[in-house]
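# Report on the structure
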Amino acid sequence: MFKGIFKNGKTEPSKVETWKKFELFELFNDLDKAEKILSELSEGYSGNFIDAEEFYKEFVEELNDLKYQNVPDFKRISIWFAPTSAWDNFVGMDGIELGNRIYERANKWNKASG
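Report follows, based on the coordinates. (Residues numbered from 1 in each chain as written. Predicted model: local features only at pLDDT ≥ 70, side-chain atom pairs only at ≥ 80, totals over all residues. Heavy atoms only, no water.)

## Section: helix 4 (residues 52-67)
The first and last C-alpha atoms of helix 4 sit 22 Å apart over 16 residues, in line with the 22 Å expected at 1.5 Å per residue. Those residues of helix 4 not exposed but buried are Ala52, Phe55, Phe59, Val60, Glu62, Leu63 and Leu66. Residues of helix 4 that are buried make contact with helix 3 (24-39), helix 5 (75-81) and helix 6 (86-91). At the N-terminal boundary of helix 4, the capping side chain belongs to aspartate 51, with an oxygen 3.2 Å from the backbone nitrogen of glutamate 53. (Helix = DSSP H or I, 4+ residues; strand = E, 2+ residues; numbered from the N terminus. Expected span 1.5 Å × (residues − 1). Buried < 20%, exposed > 50% of the residue type's maximum accessible area, 1.4 Å probe, protein only. Contact = heavy atoms within 4.5 Å. Polar contact = N/O pair within 3.5 Å; in protein donor to acceptor, adjacent residues only side chain to side chain.)

## Comments concerning the side chain of aspartate 30
Summarising the element assignment, aspartate 30 is placed in helix 3. Excluding residues that lie within four positions of it along the chain, aspartate 30 makes contacts with Leu98, Arg101, Ile102 and Arg105.

## Concerning the side chain of serine 78
Tracing the backbone shows serine 78 in helix 5. Taking the relative accessible area as the measure of exposure, serine 78 reaches 7% and is therefore buried. At 3.1 Å, the side chain of serine 78 and the side chain of asparagine 110 are in polar contact. Those residues in contact with serine 78, other than ones at most four positions away along the chain, are Tyr103, Ala106, Asn107 and Asn110.

## Quick notes on the pattern of salt bridges
Enumeration according to the criterion identifies nine salt bridges in this entry. A salt bridge links aspartate 30 to arginine 101; its shortest N-O distance comes to 2.9 Å. Of the two residues, aspartate 30 sits in helix 3 while arginine 101 sits in helix 7 (residues 96-113), which places them 71 residues apart along the sequence. Look at aspartate 30 and you get buried, because its relative accessible area is 3%. When salt bridges that share partners are traced, they join Asp30, Lys33, Glu97, Arg101 and Arg105 into one network. (Salt bridge = Lys/Arg side-chain N within 4 Å of Asp/Glu carboxyl O.)

## Some details on the nonpolar core
Among the nonpolar cores identified, the biggest contains 24 residues, and Leu31, Phe59, Phe74, Ile77, Phe81 and Ile102 are the most heavily contacted of them. Among the elements of the structure, helix 3, helix 4, helix 5, helix 6 and helix 7 are those that each provide at least two residues to this core. Looking at which element gives the most residues to this core, the answer is helix 3, with six residues. With residues near it in sequence (within four places) discarded, leucine 31 still touches Phe59, Leu63, Phe74, Ile77, Phe81 and Ile102. (Core = buried A, V, L, I, M, F, W, Y, C linked by side-chain atoms within 4.5 Å.)

In structure tokens:
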């Protein structure tokens, strides 16, 4: 009976332990940095967005939604921050390291929660 409850004596990690393992706090910190960078842009073009302002508006909406979800879904973030996607198109080489970190952490979180 206890084997099913305690799974061979192991307990499930707490929410905070899971967040730390998948670098959720760091991901949100990086997303806040990305928001600041995007807020200063106004030009550029990327497939689904006519300009940086449109991308910024969509990004802020998504970020606000993510901050208030019980289990955030970072699929759109993964798409936007994938190499050679919207983030790279608007920010260029200056934001490549930040974009790659966001992409990797978002994918890691999506795989764990999905």
